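Survey of secondary and tertiary structure
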Amino acid sequence: FPSNQCTRAQVESLVAAARLDDLRSRLCSRMSFGTAGLRAPMGAGFNRINDLTVIQSTQGLFSYLSRYFADLSSRGVVVGFDTRGQEESGCSSQRLAKLTAAVMLSRDVPVHLFSTFVPTPYVPYAVKKLGAAAGVMITASHNPKEDNGYKVYWCNSAQIGSPHDKEILLNIEEQLEPWSASCWDERLVESSSLRTNPLTQINSCYMEELASLCFHRDLNSSCPLRFVHSSFHGVGHVFVQQAFKTFGFAPPIPVPEQKDPDPNFSSVRCPNPEEGESVLRLSLLLAEKENATVVLATDPDADRLAVAEKCGWKVFTGNELAALLGWWMFFNWKENHPDPADTEGVYMLATTVSSKILQAFARMEGFHFEETLPGFKWIGNRIHELSKTGHSVIFAFEESIGFLCGSMVPEKDGVSSAAVVAEMAAYLHNKNLSLNQQLHNIYRTYGYHVAETSYVICNDPPTIQKIFNRIRNFDGERSYPKMCGGVRIIHVRDATTGYDSSQPDLRSVLPVSRSSQMITFTLQNGVVATLRTSGTEPKIKYYTEFCAAPGKSDVSSLEEELRKITTALLDDFLEPERNNLIRRCV
């Protein structure tokens with residue numbers, strides 16, 4: 001069969017240089033399906049993202065879909081891609097998307113392949129609109145430039161979870177040999193009558209539906225605020241501009257160095273707006289120069305959103321933005337649904353390591369709040385389940401700056417969130433309030449929620465196992481810690497084993513996830529602390545939050561107490577020095 005000459009040359013040069021360790025790492029193991037798909041560096045090898053591994057993955061996906069959907073040949077699949085690429089391996093996201101399409105087309109499956117790069121949420125949105133059996137997005141989101149990924153969405157538009165991920169992986173491993181020369185032929189997408197380009201239809205449907213999240217269009221058109229937007233060298237520029245137009249705003253001022261696609265992400269140390277001020281430097285400089293009040297930054301595939309506001313430049317955390325957006329979505333929902341009985345059908349969702357601020361809203365306002373396991377796939381699938389019983393999710397989020405306003409698509413969405421934040425800022429400005437002032441109003445009403453999130457690096461998996469085993473047998477066999485930082489622990493939930501001391505039957509309400517470690521402690525003073533392993537990186541992450549009662553507004557004392565507990569959690573439970581853990585350098 002034809003193959004990628006670049007990746008072949010990579011292997012040949014490693015063989016010639018006798019780089020055995022490098023060859024072993026590339027050729028002696030395979031990628032496994034992680035968070036809704038594959039993610040790895042681009043390049044030659046079975047545990048890298050390249051032409052061959054994408055063809056193999058798509059063959060496995062086809063085999064599983066064809067068994068699952070009798071009508072696959074009428075439903076088809078959606079395929080999208082971002083702006084990533086790597087010259088030395090010839091692996092651009094566009095090429096990998098065309099190969100994904102070629103495999104499906106070679107089996108007479110219709111493919112809705114976007115003709116240009118799109119935000120990640122456009123793929124699940126198209127799956128929903130077109131009634132497709134599945135969707136594939138070629139993206140590594142905000143990961144380093146060396147990486148790429150293969151993200152799979154199910155027919156309900158949510159990221160795939162169990163058992164589909166395991167089954168697809170089995171199907172991939174059953175047939176690793178490419179079926180035919182057609183699978184390698186990216187020109188098939190130009191010649192096949194089964195290929196359609198959904199870009200125009202999906203973009204116009206998306207923008208039309210986005211208007212349902214716009215509540216104060218009259219204020220927007222006369223808004224004196226100026227906005228700066230960075231797309232971090234990714235897909236976001238043109239789509240955020242259109243979203244602003246849909247909301248009646250003048251377009252945001254783009255950061256010129258970052259507006260056009262650049263697979264090398266040449267102006268940022270890492271293409272992740274979650275890193276805050278250090279990576280938003282160009283945006284903040286431009287905002288100063290243009291006298292703009294709010295900076296919006298979407299990550300390279302535009303599913304996440306970072307926001308900063310001029311008041312000495314406050315960069316909001318994901319949890320703080322969620323407090324604002326949750327308040328805003330419910331405020332507008334209530335305006336349009338004055339009957340208190342309607343509140344009974346309303347839900348907000350958050351992952352369990354995110355702020356509990358929505359829980360405080362729900363208690364006082366009378367709607368429902370639910371937690372899911374970390375990862376937006378859990379939120380997406382829960383939205384689908386709730387919609388089947390007639391309930392509506394008006395806001396959902398994860399603390400790593402992933403937000404969903406409304407439920408247009410069961411995936412985090414930086415494009416719609418950017419427009420919603422702009423409208424909220426315009427509305428508040430009209431009331432002589434900044435976003436930050438409103439955040440403090442929210443905390444005064446519902447209780448201050450002060451959070452800290454960080455991680456340590458552990459490159460030795462047995463050490464991670466040892467650390468969590470020690471926590472589970474801390475005060476004798478099968479006995480968790482009873483104190484943290486001098487404060488009594490009143491509840492322990494272990495999502496790895498399914499134990500939850502707060503439940504009458506001691507069983508966790510969250511699904512058990514044995515493949516990763518996660519333990520949550522609730523303390524007597526209102527602090528909630530979680531330790532968990534990362535699914536994609538050698539990290540132990542820790543999350544602490546002081547959920548104070550309304551009226552407790554001495555923020556510095558809350559922060560001081562939280563710092564004390566976070567330090568104890570880290571030093572006493574993880575023992576970084578003893579276990580050779582690398583602390584995060586801030």
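Residues numbered from 1 in each chain as written. Predicted model: local features only at pLDDT ≥ 70, side-chain atom pairs only at ≥ 80, totals over all residues. Heavy atoms only, no water.

1. Topic: the overall build of the protein chain
Spelled out, the test is: The numbering of helices and of strands both runs from the N terminus, where a helix is a DSSP run of H or I of at least 4 residues and a strand a run of E of at least 2. It is over C-alpha atoms that the radius of gyration is taken, and the globule rule equals 2.2 Å times the number of residues to the power 0.38. Think of it in three bands: residues with accessible area under 20% of the maximum for their type are buried, residues over 50% are exposed, and the middle band is partly exposed, with areas taken using a 1.4 Å probe on protein chains only. Contacts are residue-level and defined by heavy atoms, with any inter-residue pair within 4.5 Å sufficient. Each accessible area value is a Shrake-Rupley result obtained with a 1.4 Å probe; residue values ignore everything except the protein chains displayed when judging cover. Positive charge is attributed to Lys and Arg, negative charge to Asp and Glu, and no charge count is given to His or to the chain ends. To locate a charge, take NZ of a lysine, CZ of an arginine, CG of an aspartate or CD of a glutamate.
Check the secondary structure of the protein chain and you find 19 helices and 23 strands. For 586 residues, the compact-globule formula gives about 25 Å, and the C-alpha radius of gyration of the protein chain, at 24 Å, lands near that figure. Considered along the principal axes of its C-alpha atoms, the protein chain spans approximately 70 × 65 × 50 Å. The buried share of the protein chain, taken over its 586 residues, is 58%. Counting contacts in the protein chain only where the partners sit at least 6 residues apart, residues at least 24 apart contribute 69% of the total. Element-wise, carbon and sulfur atoms account for 49% of the exposed surface of the protein chain, whose accessible area totals about 23600 Å². Counting 57 positive and 65 negative side-chain charges, the protein chain places the centres of these two groups 2 Å from one another.

2. Observations regarding the nonpolar core
Here is the rule: Put simply, a nonpolar core is a bunch of buried Ala, Val, Leu, Ile, Met, Phe, Trp, Tyr and Cys residues held in one set by side-chain atoms that sit within 4.5 Å of each other.
By size, the foremost hydrophobic cluster in this structure holds 129 residues, and its most contacted members are Phe395 and Phe521. Dropping the residues within four chain positions of it, phenylalanine 395 is found in contact with Ala322, Leu325, Gly326, Met329, Tyr347, Met348, Leu349, Leu358, Phe403, Leu404, Cys405 and Gly406. Counting residues in each nonpolar core, the second largest holds 40 residues, with Val77, Leu96, Ala133 and Val189 among its members.

3. Thoughts on the UniProt feature "domain: Alpha-D-phosphohexomutase alpha/beta/alpha" (unreviewed entry) in the protein chain
Put simply, the test is: UniProt positions are given in the numbering used here, feature names are shortened, and annotations may be inferred rather than shown by experiment.
The UniProt feature table records "domain: Alpha-D-phosphohexomutase alpha/beta/alpha" (unreviewed entry) at residues 31-174, 206-312 and 318-445. From the first C-alpha to the last, residues 206-312 spans 35 Å; its make-up is 29% helix and 15% strand. With 54% helix and 17% strand, residues 318-445 has end C-alpha atoms that lie 20 Å from one another.

4. Some details on the side chain of threonine 544
Stated formally: Within 3.5 Å is the distance limit for a polar contact, defined as a pair of N or O atoms, with the added protein rule that one can donate a hydrogen and the other accept it, and that residues adjacent in sequence qualify only through two side-chain atoms.
For threonine 544, the position within the fold is in strand 22 (residues 539-547). Exposure remark for threonine 544: the relative accessible area of 2% places this residue in the buried category. Reaching out from threonine 544, the side chain makes a polar contact with the side chain of threonine 566 at a distance of 2.8 Å. Once residues within four sequence positions are removed from consideration, threonine 544 is found in contact with Val450, Ala451, Glu452, Val528, Ala529, Leu562, Thr566 and Leu569.

5. Describing empty space enclosed by the protein
Let me state the cut-off plainly: Both site types are read off a 1 Å grid over the protein atoms alone. A 1.4 Å probe that fits but cannot get out defines a cavity, while an open set with protein on both sides within 12 Å along at least five of seven lines defines a pocket; lining residues have an atom within 4 Å of a point. Grid points are joined across faces, edges and corners, and a volume is the space filled by probe spheres set on the points. When residues are grouped by polarity, Ala, Val, Leu, Ile, Met, Phe, Trp, Tyr, Cys and Pro land in nonpolar, Asp, Glu, Lys and Arg in charged, and all others, Gly among them, in polar.
Scanning all chains against the criterion turns up 2 cavities of 30 Å³ or more. In this structure, the largest cavity occupies an estimated 100 Å³ of space. Val353, Ser354, Val528, Tyr543 and Glu545 are, among the 15 residues lining the largest cavity, the residues nearest its centre. When contributions to the lining of the largest cavity are tallied by element, the ones reaching two or more residues are strand 16 (449-457), strand 21 (527-533) and strand 22. Each residue belonging to the lining of the largest cavity can be placed in one class, and the counts come to 5 nonpolar, 7 polar and 3 charged. Counted as a void, the second largest cavity has a volume near 40 Å³. Residues belonging to the lining of the second largest cavity are distributed by class as follows: 4 nonpolar, 1 polar and 1 charged.

6. A look at the domain arrangement of the protein chain
Definition in use: The split into domains, and so the bounds of each, comes from an automatic or database assignment of domains.
Split by domain assignment, the protein chain resolves into domain 1 (5-203), domain 2 (214-446) and domain 3 (449-583). On a C-alpha basis, the centroid separation for the pair domain 1 and domain 3 is 37 Å.

7. Concerning the packing of helix 1 (residues 5-16) against helix 2 (residues 20-27)
Where we set the bar: With axes taken as lines fitted to C-alpha atoms, and helix axes fitted only over the stretch in contact, angles between N-to-C directions fall between 0 and 180 degrees. In a left-handed crossing the near helix is turned counterclockwise from the far helix by less than a right angle, and in a right-handed crossing that turn is clockwise.
For the pair helix 1 and helix 2, the least separation of the axes is 8 Å and the interaxial angle reads 145 degrees. Of the two possible hands of crossing, helix 1 and helix 2 adopt the one that is left-handed. Between helix 1 and helix 2, the residues in contact are Gln10, Val11, Leu14 and Val15 and Asp22, Leu23 and Arg26, respectively. The class makeup of the residues in the contact of helix 1 with helix 2 is 4 nonpolar, 1 polar and 2 charged.

8. Remarks on the pattern of salt bridges
A side chain of one charge can pair with a side chain of the opposite charge if their charged atoms are brought near each other. Basically, it comes down to this: Whenever a carboxyl oxygen of Asp or Glu lies within 4 Å of a side-chain nitrogen of Lys or Arg, that contact is scored as a salt bridge.
This model, assessed by the stated rule, comprises 34 salt bridges. The partner of arginine 583 in a salt bridge is glutamate 577, with the nearest N and O atoms 3.3 Å apart. Judged by its relative accessible area of 57%, glutamate 577 falls in the exposed class. Overlapping salt bridges bring together Lys151, Asp303, Arg304, Glu398, Glu411 and Lys412 as one network.

9. Brief notes about the sheet that holds strand 10 (residues 305-309)
Note the threshold: Here a strand pair is declared whenever DSSP counts at least two bridges between the two strands.
What the 5 strands build is an open sheet, ordered 8-7-9-10-11; its pairing is mixed. Edge strands, defined here as strands with exactly one partner in the open sheet, are strand 8 (253-254) and strand 11 (314-315). When strand 10 meets strand 11, the two strands line up antiparallel, connected through 2 bridges. Along strand 11, the bridge assignment pairs alanine 308 with valine 315. Its contacts with the sheet place helix 16 (residues 414-430) against strand 7 (227-230), strand 9 (294-298) and strand 10, and it is angled at close to 20 degrees to strand 10.

10. Focus on the layout of surface pockets
By volume, the second largest pocket is sized at about 740 Å³. Along its surface, the second largest pocket is lined by 30 residues, and Lys356, Gln359, Arg363, Glu371 and Thr522 are the ones closest to its centre. Those elements that provide at least two residues to the lining of the second largest pocket are helix 14 (357-365), strand 13 (368-372), strand 18 (487-494) and strand 20 (518-523). Here the lining of the second largest pocket takes 5 residues from helix 14, the largest share from any one element. For the lining of the second largest pocket, the per-class residue count stands at 14 nonpolar, 10 polar and 6 charged.

11. Description of the state of the cysteines
As a reminder, the rule being used: Criterion for a disulfide: a pair of cysteine sulfur atoms at a distance within 2.5 Å.
What the rule picks out here adds up to 0 disulfides. Cysteine 183 carries a free sulfur, and the closest cysteine sulfur to it, the one in cysteine 91, is 16 Å from it. Using a relative accessible area of 0% as the deciding quantity, one classes cysteine 183 as buried.

12. Some words on the pairing of strand 5 (residues 147-153)
With respect to burial, strand 5 is a largely interior element, 7 of its 7 residues being buried. The alternating pattern of strand 5 places Asp147, Gly149, Lys151 and Tyr153 on one face and Asn148, Tyr150 and Val152 on the opposite face, and all of these are buried. Pairing geometry for strand 1 (residues 37-41) and strand 5, over 5 bridges, is antiparallel. Opposite alanine 40, over in strand 5, you have asparagine 148 as the bridge partner.

13. Brief notes about the pairing of strand 16
Pairing geometry for strand 16 and strand 22, over 9 bridges, is antiparallel. Within strand 22, the residue paired with tyrosine 455 across the bridge is lysine 541. In this sheet, strand 23 (residues 582-583) lies alongside strand 16 in antiparallel orientation, the contact comprising 2 bridges. By the bridge assignment, valine 456 is partnered in strand 23 with arginine 583.

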